[in-house]
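As a plain string of letters, each chain reads:
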Protein chains: 2
Amino acid sequence: MAQTAEPPSGTRDFLAAEVRRREHAFAQVRGAFERYGFEPLQTPAFERLEVLTGKYGDEGDKLIFKILRRGEHEASGEADLALRYDLTVPLARVVATYGNRLPMPYKRYALGPVWRADRPGRGRFREFTQCDLDTVGSTSPLADAETLLAINDGLTALGIEDFRIEINSRQALYGLLDAYGVPEQLGGRVLISLDKLDKLAPDAVAAELVERGLGADIAAGLVADLSAEDTDRVRKQLDGTERGRAGLAEVDRLLALTGSLPPGRIAFTPRMVRGLDYYTGPIFEVSAPGFAGSIASGGRYDGLVASLGGPDLPACGGSIGIERILSQRGVEDAEDIGAGLDVALTVLAEEAEPALLRLAGELRGAGLRVGIYLGASGKIAKQLKWANDQRARYAVLLGPREFAENVVTVRDMGSGEQRQLPITEAAAWLRTEAGS
Amino acid sequence: MAQTAEPPSGTRDFLAAEVRRREHAFAQVRGAFERYGFEPLQTPAFERLEVLTGKYGDEGDKLIFKILRRGEHEASGEADLALRYDLTVPLARVVATYGNRLPMPYKRYALGPVWRADRPGRGRFREFTQCDLDTVGSTSPLADAETLLAINDGLTALGIEDFRIEINSRQALYGLLDAYGVPEQLGGRVLISLDKLDKLAPDAVAAELVERGLGADIAAGLVADLSAEDTDRVRKQLDGTERGRAGLAEVDRLLALTGSLPPGRIAFTPRMVRGLDYYTGPIFEVSAPGFAGSIASGGRYDGLVASLGGPDLPACGGSIGIERILSQRGVEDAEDIGAGLDVALTVLAEEAEPALLRLAGELRGAGLRVGIYLGASGKIAKQLKWANDQRARYAVLLGPREFAENVVTVRDMGSGEQRQLPITEAAAWLRTEAGS
């Protein structure tokens, strides 16, 4: 067993403190999303294989965990089911399954594990939690704005104070190519290079653009304007083209609708690109100091639900990189999230055990967290060490003498102070002291 | 897509109301277990195949969902991973993995999906949630008692008021065979037949015993005594054998320790058997009117962790049949569990949208659930219908005239009553009215 006792490669066991930390974070995000009227959705861990294949490109398909057929078909070595790879394809399948039985627009969030047979690495897992929210069936810019605001509130609820939402628009990107005279056939590759401006030096990006076939002057102009602190020059350029004006209008509407966000929280970022064959409208990406890469992203993808096998409905949404956030924030944050016993009951006299369990029941009935010593030692020191290990606030001592006299000793585990109480009053006293 | 849009056979999508109902039930059980100091544990959805195979018998092995190897190995048609079949084998694996880094005794609960390739049927799913609690590393009868009490509290927290915990002991079962002179080699089969006394008529069971080779007199005596309302005769018989006395002592200790339970809640049930090659000490089963079969069960299984590949540690635990309970209780229970909007914002004037979203932000900041109309209609009647469908308590109307005058109209969706408020006072008013 020694070698195989570890959980499978790329997966994790979550022991108590980590479960608490994660569930606490999940609850914060759920709370934020619920306040926007997004509804929870839970789908099965696996889908029919054909629902998943062909949706993630060749590279993605290779990472799908496939489930072998069962019974007499097992020997075929074929798969008929597969673990879900993301939460978006199941959403499209659900929209196809339930159709107009769903409220329209359908605003749902999903927070649950997905599985990818990626090479495991630091911060990269084969089982990890995704956190998505989407609005299917609305073309309203309010839906895009609400996505941003809900993501903003979700991140804030996770305790992230300093972050920046960069927004752009697919239309604005096309306008950019028009305005700077980038030849049509180079457009896609140029945008991919420009997206690197947040990582590479402007010169390096300009060089890459030239390598890709762009004229040196155009490359230099594009890079200079997109690297500038303010967006005035880019705005002026966009204003000179039809698609650019449409994109600017989209961006400015979104900025107006999210005007209640703190100053500097959201900014038009014309160099930001994101998946070109995915998004059709506004796009966004969230970055924060101390985090490599983005901690949230999303946009409008009106063709996606149909392309994933669902009905042809407009949609927009976003995703919080909850695993990235959880992995960055120290476990120490979890210490004060509801662990430790309120009351530890020591076991010093067998005849007193029914009375002890009765006391435990009364305290639990009042919502306290009560543990009882289950070890083999009759020694009080050893049992108090256990109480201490359990981070108990109070320990109850009920030995033969105390039991005969109908009293208990209550020990404050912080101060070491002890007091004797009639056993009939112990529950009331502890409820008051430990219940606060 | 039409044919494949359903979730895979035996699995379910949970839409909002059902997620709320289930999560609410899960939270109740978790709360009960937490009050006993049980700690949450979450393990991966899949384990290495060799961790699972051979643990569930031939029939069980056939029901394991196996995951195909990936990349160049996929063509081999072999599996190397498998979806977890229960929560007990992962527990044994975790105890093996973490050893003495776990608190000992290790008291953990687990509540999560497991997967079995069973033939799907009414109330039988291929993905379903199990709810286990176990104490590993303690031989104390207090651990057995706490298991019963925690299961009792879990069921109570689920709103089940009328249920009965039947307890017995492996020792008492052996004592029974000794006392009635059942030949050693018939023991196992006799017990399996006796276990049917809660379903079959006494005569039918007696006939089955004779068929299995037991003398007619012994069969008749056993069946008569075990069918009796009270346990006096069985107790007297058990008292005449060594194993019977040990079993009775075990049962009576447990009855004394759980004396705080309501009268009639727990009873010694000498005919109750349960998995013979699994349990080693006290066993229990919980039944309730309106439920076919048991709604909870468990016992002590000191050899189990070692037999599943973990270290040789004593253990006891129990399991609540949470899916059975959820499937029996109507969805109507869920209606009042936190769905519906507190405030629905209609969208009647584009120039007012930023102000609307600002108002939404203030209300959400106060914890209210606020939705905003995302449809295409500008008609107030249609938007109010939407608000009504969302079961909103209040709707906010902010048309061009109202916006120009810096007021909003607030409509009580229950009474239809409307009032006009300055826009700057709307948030405070709604916080007070809808926040209660």
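Above: the structure in question.
Let me sum up the structure you'll find in this document.

1. Some details on the nonpolar core
Okay, so step 1: Core analysis: the biggest nonpolar cluster contains 128 residues, and F33, L155, L194 and I320 of chain A have the highest contact counts within it.
Okay, so step 2: At eight residues, helix 5 (residues 141-157) of chain A tops the list of elements feeding residues into this core.
Okay, so step 3: In this structure, F33 of chain A is in contact with F38, Y109, C131, D132, L133, A150, G154 and I320 of chain A, ignoring residues within four places of it in sequence.
Okay, so step 4: With 127 residues, the next largest nonpolar core counts A434 of chain A together with Y85, I167 and L194 of chain B among its residues.

2. Structural notes on the packing of helix 6 (residues 170-179) of chain B against helix 11 (residues 242-257) of chain B
Residue and element names in this part refer to chain B.
Okay, so step 1: Between helix 6 and helix 11, whose axes approach to 7 Å, the crossing angle comes to 145 degrees. Like other packed secondary-structure pairs, helix 6 and helix 11 cross with a definite hand, here left-handed. For the pair formed by helix 6 and helix 11, the contact residues are Q171, A172, Y174, G175 and D178 on the first element and R243, G244, A246, G247 and E250 on the second.

3. Quick look at the relation of the copies chain B and chain A
Okay, so step 1: Superposing chain B onto chain A takes a rotation of 180 degrees combined with a translation of 0.0 Å along the rotation axis, leaving an RMSD of 0.1 Å. In the structure described here, the two chain copies are related by an operation that fits a two-fold rotation axis. Scanning chain B for the C-alpha nearest the rotation axis identifies G77 of chain B, at a separation of 1.8 Å.
Okay, so step 2: With an isologous cut-off of 70% or more, the 99% of interface residues of chain B that recur at the interface of chain A puts this contact in the isologous class.

4. Details of the interface of chain B and chain A
Okay, so step 1: Contacts between the two partners involve 87 residues from chain B, matched on the other side by 86 residues from chain A.
Okay, so step 2: Taken over both partners, the interface formed by chain B and chain A buries close to 7800 Å², and the fraction arising from carbon and sulfur atoms is 59%.
Okay, so step 3: Between the two partners, chain B and chain A, sit 18 salt bridges.
Okay, so step 4: Between E34 of chain B and R369 of chain A there is a salt bridge, and its shortest N-O distance comes to 3.2 Å.
Okay, so step 5: In this assembly, chain B and chain A are joined by 42 residue pairs in polar contact (both at pLDDT 80 or more).
Okay, so step 6: Its residues placed into classes, the side of chain B that touches chain A shows 46 nonpolar, 16 polar and 25 charged.

5. Side note on the environment of G361 of chain B
Okay, so step 1: Tracing the backbone shows G361 of chain B in helix 14 (residues 353-365).
Okay, so step 2: The class for G361 of chain B is partly exposed, based on a relative accessible area of 31%.

6. Observations concerning the sheet that holds strand 12 (residues 343-345) of chain A
Residue and element names in this part refer to chain A.
Okay, so step 1: Strand order in the open sheet formed by five strands is 13-12-14-15-16, with mixed pairing between adjacent strands. Both edges of this open sheet fall to strand 13 (370-372) and strand 16 (418-422), since each of them pairs with a single strand only. Ignoring strand direction, the axes of neighbouring strands in this sheet form an average angle of 25 degrees.
Okay, so step 2: Both strand 14 (residues 394-397) and strand 15 (residues 407-412) contribute to a ladder of four bridges, which runs antiparallel. Paired with Y394 across the strands is D412, a residue of strand 15.

7. Regarding the sheet that holds strand 9 (residues 282-287) of chain A
All names here are of chain A.
Okay, so step 1: The sheet built from eight strands is open, its strands ordered 1-5-6-11-10-9-7-8 with mixed pairing. Taken across any chain shown, the strands that pair with only one partner, and hence form the sheet edges, are strand 1 (39-40) and strand 8 (266-268).
Okay, so step 2: One ladder, built from five bridges, connects strand 10 (residues 296-300) with strand 11 (residues 315-320); its direction is antiparallel. Bridge pairing in strand 11 links R300 to C316.

Conventions used here
- Residues numbered from 1 in each chain as written.
- Chains lettered and ligands numbered in written order.
- Predicted model: local features only at pLDDT ≥ 70, side-chain atom pairs only at ≥ 80, totals over all residues.
- Heavy atoms only, no water.
- Core = buried A, V, L, I, M, F, W, Y, C linked by side-chain atoms within 4.5 Å.
- Buried < 20%, exposed > 50% of the residue type's maximum accessible area, 1.4 Å probe, protein only.
- Helix = DSSP H or I, 4+ residues; strand = E, 2+ residues; numbered from the N terminus.
- Contact = heavy atoms within 4.5 Å.
- Axes fitted to C-alpha atoms, helices over the stretch in contact; angles between N-to-C directions.
- Left-handed = near helix turned anticlockwise from the far one by under 90°.
- Least-squares fit on C-alpha atoms with pLDDT ≥ 70 in both.
- Buried area = accessible area lost by both parts, 1.4 Å probe.
- Salt bridge = Lys/Arg side-chain N within 4 Å of Asp/Glu carboxyl O.
- Polar contact = N/O pair within 3.5 Å; in protein donor to acceptor, adjacent residues only side chain to side chain.
- Nonpolar A, V, L, I, M, F, W, Y, C, P; charged D, E, K, R; others polar.
- Pairing = 2+ DSSP bridges.

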